[in-house]
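The lines below spell out each chain.
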Amino acid sequence: MRFQTRPIAGIFFLLLLLMWTGQAVAQITVLVPSAPSLEKKASPQEVDMLMTLMKPFKNQAIAMDMPQMFASLRFENGAEQPERQDLLGDVEEIRYLGQKAWGANIALEKAGLYQFIMESRPWWNEAKNHYLQQVCKVVLPVLGQGEGWSVPAGLGFEIVPLTRPFGFYAPAIFSGRALLSGKPQVNIPVRMGRINIEKKSVPTPWHEELAARTNQAGEFSFVVSQPGWWYCEAIIPGDPLKGPDGEMKPMEFGSILWLYVDGQDNGRKK
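Residues numbered from 1 in each chain as written. Predicted model: local features only at pLDDT ≥ 70, side-chain atom pairs only at ≥ 80, totals over all residues. Heavy atoms only, no water.

A.B. asks: What exactly am I supposed to notice about the overall build of the protein chain here?
C.D. replies: Each helix and strand counted, the protein chain has one helix and 20 strands in total. Of all 270 residues assigned to the protein chain, the portion counted as buried reaches 50%. Counting only contacts in the protein chain whose residues sit at least 6 apart along the sequence, the fraction spanning at least 24 positions is 69%. Entry remark: accessible area of the protein chain is about 13000 Å², with carbon and sulfur atoms responsible for 51%. (Helix = DSSP H or I, 4+ residues; strand = E, 2+ residues; numbered from the N terminus. Buried < 20%, exposed > 50% of the residue type's maximum accessible area, 1.4 Å probe, protein only. Contact = heavy atoms within 4.5 Å. Areas by Shrake-Rupley, 256 points an atom, 1.4 Å probe, with all protein chains shown as cover.)

A.B. asks: Where do I start with the nonpolar core in this structure?
C.D. replies: Nonpolar side chains in soluble globular proteins generally cluster together in the buried interior. L31, F70, I106, L108, F116 and W258 are the most contacted members of the largest nonpolar core, which has 35 residues in total. Listed by contribution, the elements that provide at least two residues to this core are β1 (28-33), β2 (45-55), β7 (99-108), β8 (112-119), β10 (130-142), β17 (228-237) and β20 (251-261). Counting residues per element, this core draws most heavily on β2, which supplies six residues. (Core = buried A, V, L, I, M, F, W, Y, C linked by side-chain atoms within 4.5 Å.)

A.B. asks: I would appreciate a short explanation of the side chain of Q115 in the present structure.
C.D. replies: Within the element layout of this structure, Q115 appears in strand β8. A polar side-chain atom of Q115 sits 3.0 Å from the main-chain carbonyl oxygen of V151. Excluding its chain neighbours within four sequence positions, the residues that come into contact with Q115 are A71, S72, L73, F75, K137, V138, V139, G148, W149, V151 and A153. (Polar contact = N/O pair within 3.5 Å; in protein donor to acceptor, adjacent residues only side chain to side chain.)

A.B. asks: In this structure, what is going on with the confidence of the model for the protein chain? I would like to understand it.
C.D. replies: Regions with low pLDDT carry predicted coordinates that are not meant to be interpreted in detail. For the protein chain, per-residue confidence averages 89 on the pLDDT scale, and 88% of positions sit at 70 or higher. Counting interchain partners and residues more than four positions distant, the pLDDT-below-50 stretch residues 1-8 has 17 contacts. (pLDDT = per-residue confidence, 0-100.)

A.B. asks: What is the right way to read the pattern of salt bridges from this model?
C.D. replies: Side-chain pairs of opposite charge can arise where the charged atoms are in close proximity. All chains considered together, the criterion is met by 10 salt bridges. Ionic pairing is found between K137 and E158, a salt bridge with its closest N-O pair at 2.7 Å. Taken as a pair, K137 in strand β10 and E158 in strand β11 (residues 157-161) lie far apart in primary sequence, 21 residues in all. Residue K137 is classed as buried on the basis of its relative accessible area, which comes to 2%. Owing to a relative accessible area of 4%, E158 belongs among the buried residues under this scheme. For R191, the salt bridge identified is with E233, shortest N-O distance 2.7 Å. Linking R191 in strand β14 (residues 189-194) with E233 in strand β17, this pair joins segments that are 42 residues apart in sequence. The exposure classification of R191 matches that of E233, with both residues buried. It is possible to trace a salt-bridge network through shared partners that takes in K128, R191, E209, E233 and E252. (Salt bridge = Lys/Arg side-chain N within 4 Å of Asp/Glu carboxyl O.)

A.B. asks: Is there a simple way to explain the packing of aromatic side chains in this structure?
C.D. replies: When we look at a pair of aromatic rings, we describe it by the centre distance and by the angle of the planes. The full count for this structure, using the stated rule, is eight aromatic pairs. Between Y114 and F116 the ring centres are 6.1 Å apart and the planes differ by 15°, which places this aromatic pair in the stacked class. Among the residues examined, F116 registers a relative accessible area of 0% and is labelled buried. With 5.8 Å between their ring centres and 55° between their planes, F220 and F222 make a pair best called tilted. F222 carries the same exposure label as F220, and that label is buried. Here the aromatic residues F70, Y114 and F116 are joined through ring pairs into a cluster of three or more. (Phe/Tyr/Trp six-rings, centres within 6.5 Å; stacked < 30°, edge-to-face > 60°.)

A.B. asks: Please clarify how the pairing of β11 should be interpreted in this entry.
C.D. replies: Regular strands place side chains that alternate from one sheet face to the opposite one. Taken across its five residues, β11 has five buried, putting it largely inside the fold. As paired elements, β11 and strand β12 (residues 172-180) share five bridges and run antiparallel to each other. Note that in β12 the partner of F157 across the bridge is L180. (Pairing = 2+ DSSP bridges.)

Next comes the structure, spelled out in structure tokens:
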């Protein structure tokens, strides 16, 4: 991953902020497993991973190029040096909601806390007249192993959760910290939204996702009010790229953490 540090990036970022506050429909890279946790003993455990591009509130898919990185980190009993496994070779093209997407069936031979990480290729957003690129992370506890969720995955730019990103009911408070090369990012935009599979309507476009800015420690908090898969994205400028017209265009670089929120009645005996 590359990050723009020259002064021109500041100009591009101001343009991005102006466009972002226009509340255009979000394009979000999805990285979600077939289950938010694996607790039933099996040999081996398996999980299907979906990788796609979506407009989450509209529950619409967008054709996506193959990711340029996909891997897992396995933490066991809180070990700070996780096992890393490159999984890009397991990725296969699939169809999701009528669009080109990617999937992988992954055998998890050992118990542990798995962090799955993925990096998209840059894509052109015609509506915003700029490029987007996103890195994603999702945490999967397997067979009761829950330690390691707060350890950075080494993505360079990432959201490190301060609230455990699994095993909680809606409504709940989710807090995180945005780090770039280990340093907190101050006053950058963060947004959080949900895949609206029911296609519920809202009174205004502002209700489609939550928005905040990080504090001096790079921290933020949201209340997640409904069950389902939620994304949390922090945004910084990336390296500008040459656009379709041959001119240099800004890049919006996002780091996304996916988490699942249960409904109050999920899993309860009747």
